[in-house]
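Residue-level structural notes
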Amino acid sequence: MKNTGEKLAQAAKKEFDQSVDGLDAATLSRLNRGRQAALAETRQPVRQWLRWMPATGVAAAVLLALVVQQGPGDVGVIAAPAADLEILLGEESIEMLEDLEFYSWLDTEELAGDGDLG
Amino acid sequence: MATDSLNFAVSCTAKPTGARTLQKERQLGEFLAEVERRALRIAEIAVRDRDEALDLVQDAMIKLARNYSGRGIEEWPPLFYRILQNGVRDWHRRQAVRNRVMVWFQKSKSADDDLDVIAAAPDPIGRSPDEELQNSEAMRDLELAVHDLPTRQREAFMLRTFECLDVAGTAVAMGCSQGSVKTHYSRAVHTLREKLGEHWQ
């Protein structure tokens, strides 16, 4: 006698598989293009300088954190809210560092918004 | 003469680097082709957007190929899903930040944005409209319930149930202990049983 948890998992798997089988041609085509792009990566020679990109990103984030902790009055930089900094320095921060420019813009916008409110 | 024969035998059995690379690329292609559709649906349930899910799956495929194609084939499934789950978590973080920005730039949604072209397309596997409706309703309920689970429970449930990863593989994919996987999975099933009701039991 199977327990209810196992039955639920089986029923969920069945529904899920049907939804996978029902994917349309356009979606499958995009998946195929993505796969080909991935396979093309295996033929690319490794660029050594790219290996340093994550370390450089982390160093930039640490530097940013130190600058922000100094406070806006000391060095005249924009103070990022603590929550945003936490997001930037989360455990998967390497991915986020690709968008530093976006967060810089975001901070500018938030400060402008605060000004409007005040 | 004997030495020449030996050299010939060695040169025939030892694969050149180029051939090994091609073999690895073929194996990787087969792995990705086998996993990509399920990965898409798993990502789609997590982010509730097919285009975003397609981008996340493509990113995961590229990162796996770029960084881990040299690893053993048996390591690919948990590594691939670890990359994908990290991508999904990052996506949610970015969304949280962007949503705060959108408070300042709220736009009214046009009616065209609500039209789901994919949902409106005919069923590609030939189910009757009634069957399609019944299945799509059941799947929609399931998707919503799974989506609403706490992140770690959702990850554990989808990797164990939909992708059929074992506990050890799921632990690698989630970056946690096997005990945590069991706990998250058990809680997810308990919550889903309560939400989905008798139809699913």
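Reading the values: the criteria
Residues numbered from 1 in each chain as written. Chains lettered and ligands numbered in written order. Predicted model: local features only at pLDDT ≥ 70, side-chain atom pairs only at ≥ 80, totals over all residues. Helix = DSSP H or I, 4+ residues; strand = E, 2+ residues; numbered from the N terminus. Buried ≥ 20, exposed ≤ 12 C-beta atoms within 10 Å, placed from the backbone. Contact = placed C-beta atoms within 7 Å. Core = buried A, V, L, I, M, F, W, Y, C linked by C-beta atoms within 7 Å. Expected span 1.5 Å × (residues − 1). Axes fitted to C-alpha atoms, helices over the stretch in contact; angles between N-to-C directions. Parallel < 35°, antiparallel > 145°, perpendicular 65-115°, else oblique. Left-handed = near helix turned anticlockwise from the far one by under 90°. pLDDT = per-residue confidence, 0-100.

**Things to note about the overall build of chain A**
In terms of regular secondary structure, chain A is built from seven helices and zero strands. Residues counted as buried form 13% of the 118 residues belonging to chain A.

**Regarding the overall build of chain B**
Tallying secondary structure elements over chain B gives nine helices and zero strands in all. Counting from the amino terminus, helix and strand elements in chain B follow one another as α-α-α-α-α-α-α-α-α. Burial statistics for chain B: of 201 residues in total, 32% are counted as buried. Contacts in chain B between residues at least 24 apart in sequence constitute 61% of all its contacts with a sequence separation of at least 6.

**Considerations on the nonpolar core**
Among the nonpolar cores identified, the biggest contains 46 residues, and Ala 39, Ala 43, Leu 56, Val 57, Ala 60 and Leu 84 of chain B are the most heavily contacted of them. Filtering out sequence-adjacent residues up to four positions away, Leu 56 of chain B remains in contact with Ala 43, Val 47, Leu 84, Gly 87, Val 88 and Trp 91 of chain B.

**As for helix α7 (residues 151-162) of chain B**
Residue and element names in this part refer to chain B. Between its terminal C-alpha atoms α7 stretches 16 Å, which fits the 16 Å expected from twelve residues at 1.5 Å a residue. In terms of residue burial, α7 counts as a mostly covered element, since ten of its twelve residues are buried. Every buried residue of α7 is accounted for by Gln 153, Arg 154, Glu 155, Ala 156, Phe 157, Met 158, Leu 159, Arg 160, Thr 161 and Phe 162. Once α7 finishes, Cys 164 follows within two positions and takes phi at roughly 60 degrees, a positive value.

**Side note on the packing of helix α3 (residues 50-68) of chain B against helix α4 (residues 76-102) of chain B**
Packed helices, taken two at a time, are described by their axes: the angle between them and the distance between them. All names here are of chain B. Running from N to C, α3 and α4 point in directions that differ by 135 degrees, and their axes come no closer than 9 Å. The orientation of α3 with respect to α4, classified from their angle, is oblique. Two packed elements cross with a definite hand, and for α3 against α4 that hand is right-handed. Of the residues in α4, those touching α3 at Glu 52, Leu 56, Val 57, Asp 59, Ala 60, Lys 63, Leu 64 and Tyr 68 are Trp 76, Leu 79, Phe 80, Ile 83, Leu 84, Gly 87, Val 88 and Trp 91.

**Some points on the environment of Ala 156 of chain B**
Locating Ala 156 of chain B in the fold gives a position in helix α7. It is 9.2 Å that separates the C-alpha atoms of Ala 156 of chain B and Ala 173 of chain B, two residues lying 17 residues apart in sequence.

**Considering unusual backbone geometry**
Residues and elements named next belong to chain B. The phi torsion at Arg 48 lies on the positive side, around 60 degrees, for a residue other than glycine. Inspection of the secondary structure assignment puts Arg 48 in the loop between α2 (17-47) and α3. Look at Cys 164: it is not a glycine, yet its phi comes out positive at around 60 degrees. As for its placement among the helices and strands, Cys 164 is situated in the loop between α7 and α8 (167-174).

**Notes on the environment of Phe 31 of chain B**
Residues and elements named next belong to chain B. For Phe 31, the location among the structural elements is in helix α2. Of the residues examined, Phe 31 has 18 C-beta atoms within 10 Å and is grouped as partly exposed. Spatially, the C-alpha atom of Phe 31 lies 8.4 Å from that of Ile 73, the residues being 42 residues apart in sequence. Sequence-distant contacts of Phe 31, that is, excluding residues within four places in its chain, are made with Ile 73 and Trp 76.

**Regarding the confidence of the model for chain B**
Predicted coordinates in regions of low pLDDT should not be interpreted in detail. Residue and element names in this part refer to chain B. Here chain B shows a mean pLDDT of 82. Residues at 70 or above account for 74%. Note on residues 1-16: pLDDT under 50 across the span, and one contact to partners over four residues away in sequence or across chains. In the model output, the complex is listed with pTM 0.64 alongside ipTM 0.73.

**Quick look at the packing of helix α1 (residues 4-21) of chain A against helix α9 (residues 178-196) of chain B**
Two numbers describe how α1 of chain A lies on α9 of chain B: the axes approach to 10 Å, and their chain directions differ by 80 degrees. Between α1 of chain A and α9 of chain B, the angle falls in the class roughly perpendicular. When α1 of chain A is examined against α9 of chain B, the residues Thr 4, Gly 5, Leu 8 and Ala 9 of chain A are found in contact with a partner set consisting of Val 189, Leu 192 and Arg 193 of chain B.

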